[in-house]
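# Survey of secondary and tertiary structure
So the chains spell out like this:
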Amino acid sequence: MLVIAATWLLLLLSLGGFALDRTMTGLATRNFDDQIGYMLTAMVASVEIGPDGEVFFNRPLGDQRFLEPNSGLYWQISGKGHEDFLSRSLWDSSLKLDSDHFDSQPHAFDSDQRSGEPLRVIERSVVLPGSPIQWRFAVAASRTELNGQIARIRSILFWSFVILALGLFLMTALQTWYGLSPLRRVRRAIAALRTGGSTGGSNRVTEPLPDEVQPLVEELNLLLEHADRQAEEARTHAGNLAHALKTPLTVVMNAATAHADDLADTVIREAGVMRRQVDHHLARARAVGRRVAGHSRSVVWDSAGAVERAVTRLYPQVRLDMDGSKTACVAVERQDLDEILGNLIENAAKYGGGSVFVTIDARADDKRFCDIWIEDDGVGIPEAERTRIFARGARLDTGKPGTGLGLAIVRDVAEIYGGSVLLGESEDLGGLLVTLRLPRSSGDSIFRVPAARDT
């Protein structure tokens, strides 16, 4: 910010100084030209033509310097075929004038014809009464005085602009330092959190700060809250995994210590339990990672169709129908959505009576969530067991193969993405109704499902 401010100030002051220098030096030069122009006018008004055709003054010029040799102020009158009429101050020299053209108005220019003495010359052409000759009148003055004035003007401008630049830069530096001081306070607060936590004991920035940086502090606190939540989820996840593996490992250790005859069977059985637990926690960890990585977007109909084809091959005797929106999208990774729907639809096919119905976007008027209904015509789940069934390893029907982890995985992954799973009773099929609610993807268009399925 300081470099940009210094560069901008330097550019503006340079342009302003250049413009002011041109203006002031121009004014000084024009004032100088006006002074010698008055002398030229006086010359023209005082000159006459003598009997021999030569020019002469009917009255002397007023400035005494015209009479002093090399005084720095000179005049000269030149005419074709006549000797130059010179001021005494020119002594034994003359001004070199271009008489090939006619200047009806005074014309000023700089000249270096006198060695060591730069001149400012103003001249004009005049045809005097009684003479057909074009006379050229010129007044020349040394530029020493004019150059001295210009040098003083430029010195004043230079030092004035230097002081102005330093003052403006100092003001900008102070303004920048003062304006960014809240960010330094935020930095110190973050450093305090990193080293020892805030004074209030909470992992948040609680120091009062100006309104300009308060949104930044609020976002920072939300980020810290998110990081704490992730850390807590990771600790809980690690603890759950350790607890899940502890019992199978204990069983294996006891069987090995006792040299049990069924040690091999025990190891195989418990290793399978541990593998399923690891798969469960890995699925949950992947869902957390994908949720943190960015916004996900999956079309529910495509995922449900893929699951339908797989389940139909596993359970050819089951009739599986789908209805609802074909464009509904949820903010869930496709792999996780496939796993959720796969568990729910497979359970409906496995434990139902032979009919499964899937309704996508069952409540299309909800702009925040997409509800997916999975219904079957089985015996359902008693209301008293609908909470316990989500526990890891919980199974109501032990006559069919399974691990009891399917619904636990569904619930955990859905909650990671901000969704939920509810169990109820299907009014149409009489069996279990699973309501899977997932957050709708941003930009998803909402379409109404057929009226026959609305509830």
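Note that the coordinates shown come from a computational prediction; the quantities given were computed from them, not determined experimentally.

Per the counting criterion, the structure on display carries four aromatic pairs. Taking the centre distance of 5.6 Å and the plane angle of 35° together, the rings of F57 and F85 count as tilted. Taken together, the residues F57 in strand β2 (residues 55-57) and F85 in strand β4 (residues 85-86) connect sequence positions 28 residues apart. The class for F57 is buried, based on a relative accessible area of 18%. Here the aromatic rings of W75 and F85 are separated by 5.0 Å at their centres, their planes lie at 70°, and the arrangement is edge-to-face. Taken together, the residues span a long stretch of sequence, with W75 in strand β3 (residues 73-79) and F85 in strand β4 at a distance of 10 residues. A connected cluster of aromatic rings, assembled from ring pairs, spans F57, W75 and F85. The cationic tip of R114 hangs over the ring face of Y74; the distance from NZ or CZ to the ring centre is 4.6 Å.

With respect to topology, five strands assemble into an open sheet ordered β4-β3-β7-β6-β5, the strand pairing being antiparallel. Each edge of the sheet is formed by a strand with only one pairing partner; in this case those strands are β4 and β5 (107-111). Of the strand pairs in this sheet, strand β6 (residues 119-127) and strand β7 (residues 134-142) are connected by nine bridges, and their pairing is antiparallel. Residue pairing in the sheet places V127 in a bridge with Q134 of β7.

A few words now on the sheet that holds strand β14 (residues 432-439). Taken in spatial order, the five strands make up an open sheet running β9-β11-β12-β14-β13, and their pairing is mixed. Unpaired on one side and paired on the other, β9 (319-324) and β13 (420-425) mark the two borders of the sheet. Adjacent strand axes in the sheet meet at a mean angle of 15°, parallel and antiparallel pairs treated alike. One ladder, built from six bridges, connects β13 with β14; its direction is antiparallel. Across the sheet, the residue bridging to G424 is L433, located in β14. Sitting on the sheet, helix α6 (residues 300-314) touches β9, β11 (355-360) and β12 (369-376), and the angle it makes with β9 is about 175°.

With their axes 4 Å apart at the nearest point, helix α2 (residues 144-179) and helix α3 (residues 181-195) run at an angle of 35° to one another. Where α2 approaches α3, its residues W177, Y178 and G179 are matched on the opposing element by S181, P182 and R184. A breakdown of the residues in the contact of α2 with α3 according to their chemical character gives three nonpolar, two polar and one charged.

This next bit is on α2. Working note: α-helix, 3.6 residues per turn, so residues spaced by three or four point in the same direction. With 36 residues, α2 extends 51 Å between its outermost C-alpha atoms, agreeing within 8% with the 52 Å of an ideal straight helix rising 1.5 Å per residue. Residues L146, I150, I153, L157, F161, T172 and T176 constitute the buried set of α2. Buried residues belonging to α2 abut α1 (2-46).

Reading guide: rules and limits
- Residues numbered from 1 in each chain as written.
- Predicted model: local features only at pLDDT ≥ 70, side-chain atom pairs only at ≥ 80, totals over all residues.
- Heavy atoms only, no water.
- Phe/Tyr/Trp six-rings, centres within 6.5 Å; stacked < 30°, edge-to-face > 60°.
- Helix = DSSP H or I, 4+ residues; strand = E, 2+ residues; numbered from the N terminus.
- Buried < 20%, exposed > 50% of the residue type's maximum accessible area, 1.4 Å probe, protein only.
- Lys NZ or Arg CZ within 6 Å of the ring centre and 35° of its normal.
- Pairing = 2+ DSSP bridges.
- Axes fitted to C-alpha atoms, helices over the stretch in contact; angles between N-to-C directions.
- Contact = heavy atoms within 4.5 Å.
- Nonpolar A, V, L, I, M, F, W, Y, C, P; charged D, E, K, R; others polar.
- Expected span 1.5 Å × (residues − 1).

Read these as spatial facts, not as claims about activity.
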